[in-house]
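Descriptive analysis of the structure
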Amino acid sequence: MIEMPEAVTIAQQMQATLIGKTIQHFSRGVLVHKFLWLSKTAEEYDALLSGSKVTGASSYGRSIFLDMGEASLLWFGELGGRILYHSQGQPIPAKYHLRWDFADGSAMTYTLQMWGFVKLLEEYEVTKEPYAKVGIPPLSAAFTPERFDQLLEEYPDKTKKGVKGFLVTSQHVNGIGNSYLQDILFKAKIHPARKIPSLGFDERMRLHQAIQGTMAEAIRLGGREDERDLFDHPGGYHRLMGSQSLGQPCPNCGTLIQKIAYLGGACYLCPNCQERP
Ligand SMILES: [Zn+2]
């Protein structure tokens, strides 16, 4: 899934590559996927997008936004897969879910993995509410240790769900998914199922630091190695904790890394450094 470092990377590349281009045609590919959501029909997307110019690209947490002039906005959210740019003359992949052809002969395709939505919002929808910008991204000025502590306290499920629920599934912090979560919790030495009230001050501060450190490093490296940027290049961030580390010795203490299933997804952890609650 695209998490904040990948969203930042792709949005920056879109800014450098797509701004000023005019969309000539929007179409769906031969692939169909029931977990790909559009906010209108493909015909409506084509009618609204054809002739409009890309005027901006940005990201917020895990979302990517492409501004199409004043009138509309493409919102890529909660997304897994590949958003790829193809310069003029470069072959287009045989299979994809969505395709944007630009007037200069270049194109962009999106191929979904898992699930995701690509919403096309018209002006009246864009201005309705800041629905897309829910939560605080981990490297924003608002994400101070004090605010983080306050968010933990305000989390309504704090006694029910563990820290994984707060960081990944709640809307409080926007940017972390199940992949970076593993490294963040390992660095902070916290088990994913730890309940929020059990986290002491030092642990909260360690967690804040691990979140910011991991996100900043991954952005600097262009996202993680198992994802692709706009030009189909893998990122340079190598995960500490993932399927590749299962059964390997912990880099801190040598205990073998374990896998557990928790809150809809695998967690990889060191049972010694990240003690069970
Ligand atoms: Zn360990």
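See the structure above.
Below is a short write-up of the structure. Owing to the predicted nature of the structure, the values given are computational and were not obtained by experimental measurement.

Glancing now at the overall build of the protein. Looking only at helices and strands, the protein features seven helices and eleven strands. The C-alpha radius of gyration computed for the protein amounts to 20 Å, which stays within 12% of the reference 19 Å derived for 277 residues, consistent with globular compactness. Projected onto its principal axes, the C-alpha coordinates of the protein cover approximately 55 × 40 × 30 Å. Looking at the protein as a whole, 51% of its 277 residues are labelled buried. Counted over contacts in the protein with a minimum sequence separation of 6, partners at least 24 positions apart contribute 65%. As presented, the protein carries roughly 12,500 Å² of accessible surface, and 53% of it is formed by carbon and sulfur atoms. A gap of 6 Å separates the mean positions of the 29 positive and 29 negative side-chain charges of the protein.

Moving on: the coordination of the zinc ion. Within the protein, Cys250 (SG), Cys253 (SG), Cys270 (SG) and Cys273 (SG) serve as the donor atoms for the zinc ion, at 2.3 to 2.4 Å. Residue class for Cys253 comes out partly exposed when judged on its relative accessible area of 34%.

One can describe the packing of helix H6 (residues 178-188) onto helix H7 (residues 201-220) by two numbers: an axis separation of 8 Å at closest approach and a directional angle of 135 degrees. One finds that H6 runs oblique with respect to H7. As H6 runs across H7, the sense of the crossing is right-handed. Contacts between H6 and H7 involve Tyr180, Asp183, Ile184, Leu185, Lys187 and Ala188 on the former and, on the latter, Arg206, Leu207, Ala210, Ile211, Thr214, Met215, Glu217 and Ala218. Looking at side-chain class alone, the contact of H6 with H7 contains nine nonpolar, one polar and four charged residues.

Looking now at the packing of aromatic side chains. Two numbers describe a pair of aromatic rings. These are the distance of the centres and the angle of the planes. One pass over the structure, following the stated rule, counts eleven aromatic pairs. Seen in terms of ring centroids, Phe26 and Tyr45 are 5.2 Å apart; in terms of plane orientation they differ by 40 degrees. Their pairing is tilted. Of the two residues, Phe26 is situated in strand E1 (residues 23-28) and Tyr45 in helix H2 (residues 42-49); the sequence distance between them amounts to 19 residues. Ring geometry for Phe26 versus Trp100: centroids 5.5 Å apart, planes at 65 degrees, classification edge-to-face. Here Phe26 is found in strand E1, whereas its partner Trp100 is found in strand E7 (residues 98-102), with 74 residues between them in sequence.

So, about a nonpolar patch on the surface. On the surface, a nonpolar cluster with roughly 430 Å² of combined accessible area is contributed by Phe35, Trp37, Met114 and Trp115. Tracing the chain through its elements places Trp115 in the loop between strand E8 (107-112) and strand E9 (116-122). On the accessibility criterion, Trp115 (38% relative accessible area) is partly exposed.

Time to look at the sheet that holds strand E4 (residues 63-68). An order of E2-E9-E5-E4-E3 is seen for the five strands of this open sheet, with the pairing classed as mixed. In this open sheet, the two edge strands, each paired with only one partner strand, are strand E2 (36-38) and strand E3 (56-60). Strand-to-strand twist of the sheet, defined as the mean angle between neighbouring strand axes without regard to direction, takes the value 15 degrees. Bridging between E3 and E4 involves five bridges; their strand directions are antiparallel. Residue Tyr60 lies in a different strand from E4, and its bridge partner there is Ser63. Sitting on the sheet, H2 is in contact with E2, E4, strand E5 (72-77) and E9, with an inclination near 50 degrees to E9.

The subject of this paragraph is the pattern of salt bridges. Using the criterion set out here, one finds 19 salt bridges in the structure. We note a salt bridge from Glu6 to Arg224, for which the minimum N-O separation is 3.0 Å. Residue Glu6 is found in helix H1 (residues 4-18), and its partner Arg224 is found in the loop between H7 and strand E10 (258-261); the two are separated by 218 residues along the sequence. The class for Arg224 is buried, based on a relative accessible area of 1%. Asp104 is the partner of Lys21 in a salt bridge, and the nearest nitrogen-oxygen pair spans 2.6 Å. Of this pair, Lys21 sits in the loop between H1 and E1 while Asp104 sits in the loop between E7 and E8, and the two are 83 residues apart along the sequence. Here Lys21 falls in the buried class, since its relative accessible area comes to 10%. Looking at Asp104, the relative accessible area reads 40%, which means it is partly exposed.

Calculation criteria
- Residues numbered from 1 in each chain as written.
- Predicted model: local features only at pLDDT ≥ 70, side-chain atom pairs only at ≥ 80, totals over all residues.
- Heavy atoms only, no water.
- Helix = DSSP H or I, 4+ residues; strand = E, 2+ residues; numbered from the N terminus.
- Rg over C-alpha atoms; globule rule 2.2 N^0.38 Å.
- Buried < 20%, exposed > 50% of the residue type's maximum accessible area, 1.4 Å probe, protein only.
- Contact = heavy atoms within 4.5 Å.
- Areas by Shrake-Rupley, 256 points an atom, 1.4 Å probe, with all protein chains shown as cover.
- Lys, Arg positive; Asp, Glu negative; His and termini not counted.
- Charge placed at Lys NZ, Arg CZ, Asp CG, Glu CD.
- Donors = N, O, S within 2.8 Å, 3.2 Å for Na, K, Ca; no water.
- Axes fitted to C-alpha atoms, helices over the stretch in contact; angles between N-to-C directions.
- Parallel < 35°, antiparallel > 145°, perpendicular 65-115°, else oblique.
- Left-handed = near helix turned anticlockwise from the far one by under 90°.
- Nonpolar A, V, L, I, M, F, W, Y, C, P; charged D, E, K, R; others polar.
- Phe/Tyr/Trp six-rings, centres within 6.5 Å; stacked < 30°, edge-to-face > 60°.
- Patch = residues over 30% accessible without salt bridge, like charges linked within 9 Å, V, L, I, M, F, W, Y side chains within 5 Å.
- Salt bridge = Lys/Arg side-chain N within 4 Å of Asp/Glu carboxyl O.
- Pairing = 2+ DSSP bridges.

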